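# Overview (structure and organization)
What follows is the residue order along each chain.
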Amino acid sequence: MARALTTGGDGKAQLAERPPLSPQPGQVLVAPQVVGLCGTDLELIDGLVDEAFVRYPLVLGHEWVGVAVSGSQGLSPGDLVAVEGIVPCWHCEQCRSGATNLCETYDEVGFTRDGAAADDVLVPAGLVHRLPPGTSVDDVVMVEPASVVYHGLSRLPSRPGLQCLVVGDGTVALLAVQLLRLWAPGRLALAGRRREQAGLARAAGADEVIGEVPKQAFDLVVEAAGTNEGVLSALGAARRGGTVLLLGLPPHGSVASVPVDDLVNGDLLVRASFGYSSSAFSRALGLIVAGQLKPRVLVTHRYSLEQHEQALGLLREEDPGEARGKVVLRISSGDGSETSRPSARA
Ligand SMILES: [Zn+2]
Ligand SMILES: [Zn+2]
């Protein structure tokens, strides 16, 4: 039997046993190796995600890296792979324009189809990226959130020397710092709530970690806290003519009162960004494979799949009292060994 971390959106997630999967034509069977958890997983468990974006019962796991069990064109069993989670139809107007994140038929691994927090997962062959041998799984496990950040940043006006602020101190915020560092900013600050995150922020490349967010001081502000307060302080921190990118996702139904006259008087460009396009995923993965982006410095906690309760419990803590970056599950085959993998199945 194969194990799968499953939720019905009722506040609980449990390790269910199910028969091993077998690939249909056009599919690849993958054995996940490492799976990252994030706040969205908690919202999926708690039933807080907009119902247009989820289907229950659901196997969790949308941030992951694995080993191909079956092959396909250009792919052999045993290859290390990263897999795009958003499944484009490739036919609708959005897909044809390249905006596959906005495909008219929303479909995503770990949301509307079973995810990778399991011994096996089925994915469309066209979304599988083969990785060079020796690529660090702790780097690649972050490619999904890195793609989300990359996609948002790639659509902003950019030039070297920008005064940049990231609001928030979770993994998306820290990845935003890492990616902004590649833009050669003049100043790169992170405004976080938790003092314990300062070390991670600096490891990610922040010049400074600030508590109070100054008014109208930055050319570019990235909101990655996903809270109404975060959005308001991000809008207030941009200088006139500046840009604000909204990356954080507040709970479904959140409503904030925005000082509209300040936005107009400030001549602000406010950009919100959803998910990632297929090309953004490829580019973010390219940066990781080339060693230009090393998100593994942000992985702070590792658990086994059996320890999912501990892992999710740590993620739920508002103030864990220590630095918390990415929390990952290592998927092993149940005997406690970290390395044994299921071999190809008939
Ligand atoms: Zn996530
Ligand atoms: Zn489409």
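Described below are features of the structure shown in this document. (Residues numbered from 1 in each chain as written. Chains lettered and ligands numbered in written order. Predicted model: local features only at pLDDT ≥ 70, side-chain atom pairs only at ≥ 80, totals over all residues. Heavy atoms only, no water.)

## Describing the pairing of strand 6 (residues 80-83)
Burial of the side chains of strand 6 extends over both faces: Leu80 and Ala82 are buried on one face and Val81 and Val83 on the other. Judged from the two bridges that link them, strand 5 (residues 63-68) and strand 6 form a sheet pairing that is antiparallel. Looking across to strand 6, one finds that glycine 66 is bridged to valine 81. Sheet topology note: the strand 6/strand 8 (residues 128-130) ladder contains three bridges and is antiparallel. Within strand 8, the residue paired with valine 83 across the bridge is valine 128. (Buried < 20%, exposed > 50% of the residue type's maximum accessible area, 1.4 Å probe, protein only. Helix = DSSP H or I, 4+ residues; strand = E, 2+ residues; numbered from the N terminus. Pairing = 2+ DSSP bridges.)

## With respect to the sheet that holds strand 14 (residues 269-272)
The strands making up a sheet associate through hydrogen bonds between their backbones, and the pairing can be parallel or antiparallel. Overall, parallel pairing links the six strands, which are arranged 11-10-9-12-13-14 in an open sheet. Sheet topology places strand 11 (208-210) and strand 14 at the edges, where each strand pairs with a single neighbour. Strand-to-strand twist across the sheet, computed as the mean angle between neighbouring axes with direction ignored, equals 20 degrees. When strand 10 (residues 187-191) meets strand 11, the two strands line up parallel, connected through three bridges. Across the sheet, alanine 191 pairs through a bridge with isoleucine 210, a residue of strand 11. Against the sheet, helix 7 (residues 228-237) makes contact with strand 9 (163-167), strand 12 (218-223), strand 13 (238-246) and strand 14, and its axis sits at roughly 150 degrees relative to strand 13, the strand it touches most. (Axes fitted to C-alpha atoms, helices over the stretch in contact; angles between N-to-C directions. Contact = heavy atoms within 4.5 Å.)

## Thoughts on the coordination of the zinc ion (ligand 2)
Octahedral metals with six donors have ideal donor angles of 90 or 180 degrees. Tetrahedral metals with four donors have an ideal donor angle of 109.5 degrees. Donor atoms from the polypeptide that coordinate the zinc ion (ligand 2) comprise Cys89 (SG), Cys92 (SG), Cys95 (SG) and Cys103 (SG), at 2.3 to 2.4 Å from the metal. Given four donor atoms and angles of 101 to 120 degrees at the metal, the environment of the zinc ion (ligand 2) is assigned as tetrahedral. All donor residues of the zinc ion (ligand 2) come from one chain, and their arrangement in sequence is C-x2-C-x2-C-x7-C. A single burial state applies to cysteine 95 and to cysteine 103, both of which are buried. (Donors = N, O, S within 2.8 Å, 3.2 Å for Na, K, Ca; no water. Tetrahedral: all angles 85-135°; square planar, octahedral: opposite > 155°, others 65-115°.)

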